[in-house]
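# What the coordinates show
This is what each chain is made of:
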Amino acid sequence: MEEHSLLRHQVDWADVRSKAFTQARGARAPADTYGAIGSALQTLGDGHSTFWEPERAKVNLGSSAASLDGLRGHSLKNGIGYVSLPGVQGSQKVYDEYVRLGRGAVAKADRTGSCGWVVDLRSDTGGNMWPMLAVVGPILGDGKVGMFVDADGKKSVWSIKHGAPYEDGRPAGWGDGRPVARSMPPVAVLTGKRTASAGEAVAVAFRGRPDTRFFGEQTYGVPTGNQEYRLSDGAMLILTEVKDADRTGRTYDAAIPPDEEIVKDPRPVARDRDEVLEAARRWLFEQNACRQP
């Protein structure tokens, strides 16, 4: 924590260390230190670091099955493609399946050659951002799309090449993505209060992109990157180490507001109405690529 935490330069480590060792005094097994570790994490105040006991770590990271029901793609009226990304956390098998299904959803939505796209991140609660970028990479377009920035200003660049994600020039996996019919189409990004962590990273990847506009509500507010540290008994320390930054270099460490804020109408008559999606569609129809003759 002292070496890698995003907020390491703002913490009185002598005080944190003293309190942690006092709380863990008499510990005879790793589990006896959990309270002290949790308390130390709380003092960081980054709102994103966490601690998993062994059973929870096993469930969260060892799962070979995850619900990917929210991973959908289809063509809307008048040639607009729609893809919805849920959060994803689990094993490599889960990530591989996410990318396979997600790329299939994008291909389905682009079957008739989409003039523009809606990328729906309202149910993207986070997890691992790289499978998500592997799905939307062809829509994002090739080139630098964002970066991580640590407490000392050191940067790690995210980029897309042939529709696939890279970090500092190293492939994140899954090979090239199938290109969409139109390169650099206009994109409407939908966000909400559940858009968090890795979901916010995907939103940040679209920030600064030409012909892109954000609709909905502000995000959850943890656009920061975590690193996992497995402890001796299988417990896991999830430590926030970096801020997300967009392609222009602007960093984010709080809730990200949309360009057009649209709050869901609570009245029963509006239950089945998606005002956010409708606003996104109207904007797309105003763009040259999608303007009707």
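Definitions and limits used
Residues numbered from 1 in each chain as written. Predicted model: local features only at pLDDT ≥ 70, side-chain atom pairs only at ≥ 80, totals over all residues. Heavy atoms only, no water. Helix = DSSP H or I, 4+ residues; strand = E, 2+ residues; numbered from the N terminus. Rg over C-alpha atoms; globule rule 2.2 N^0.38 Å. Contact = heavy atoms within 4.5 Å. Areas by Shrake-Rupley, 256 points an atom, 1.4 Å probe, with all protein chains shown as cover. Phe/Tyr/Trp six-rings, centres within 6.5 Å; stacked < 30°, edge-to-face > 60°. Buried < 20%, exposed > 50% of the residue type's maximum accessible area, 1.4 Å probe, protein only. Lys NZ or Arg CZ within 6 Å of the ring centre and 35° of its normal. Disulfide = S-S within 2.5 Å. Pairing = 2+ DSSP bridges.

Right, let's get into the overall build of the protein. Helix and strand counts for the protein come out as 7 helices and 14 strands. Its C-alpha atoms give the protein a radius of gyration of 21 Å, near enough to 19 Å, the size a compact globule of 293 residues would have. In terms of its C-alpha atoms, the protein occupies a principal-axis envelope of roughly 75 × 40 × 40 Å. Residue pairs at least 24 apart in sequence account for 72% of intrachain contacts in the protein once pairs closer than 6 positions are excluded. Entry remark: accessible area of the protein is about 14,400 Å², with carbon and sulfur atoms responsible for 48%.

What follows is about the packing of aromatic side chains. Counting across every chain of the model gives 3 aromatic pairs. The interplanar angle of 55° and the centroid separation of 6.1 Å between the aromatic rings of Phe215 and Trp283 together place this pair among those described as tilted. You can see Phe215 sitting in strand β10 (residues 212–216) and its partner Trp283 sitting in helix α7 (residues 275–286), a full 68 residues away along the chain. Residue classification places Phe215 among the buried positions, given a relative accessible area of 0%. By relative accessible area, which is 12% here, Trp283 ends up buried. Directly above the aromatic system of Phe214 lies the positively charged group of Arg207, at a separation of 4.8 Å from the ring centroid.

Across all of its chains, the model carries 1 disulfide by this definition. A sulfur-sulfur distance of 2.1 Å marks the disulfide that ties Cys115 to Cys290. Of note, the bridge from Cys115 to Cys290 carries an S-S torsion of about 110° and is right-handed in sense. With Cys115 in the loop between α4 (92–109) and β4 (116–120) and Cys290 in the segment after α7, the pair connects residues that are 175 residues apart, well separated along the chain. Of the residues examined, Cys115 reaches a relative accessible area of 6% and is grouped as buried.

Time to look at unusual backbone geometry. Phi is positive for Met184, close to 50°, though the residue is something other than glycine. On the secondary structure map, Met184 appears in the loop between β8 (170–171) and β9 (187–191).

Moving on to the sheet that holds β9. An order of β2-β3-β4-β9-β10-β14 is seen for the 6 strands of this open sheet, with the pairing classed as mixed. Since the sheet does not close on itself, it has two edges, and those belong to β2 (72–76) and β14 (260–261), each with one partner. Where β2 lies against strand β3 (residues 80–84), 5 bridges are found, and the strand directions are antiparallel. Note on β3: the bridge partner recorded for Gly73 is Val83.

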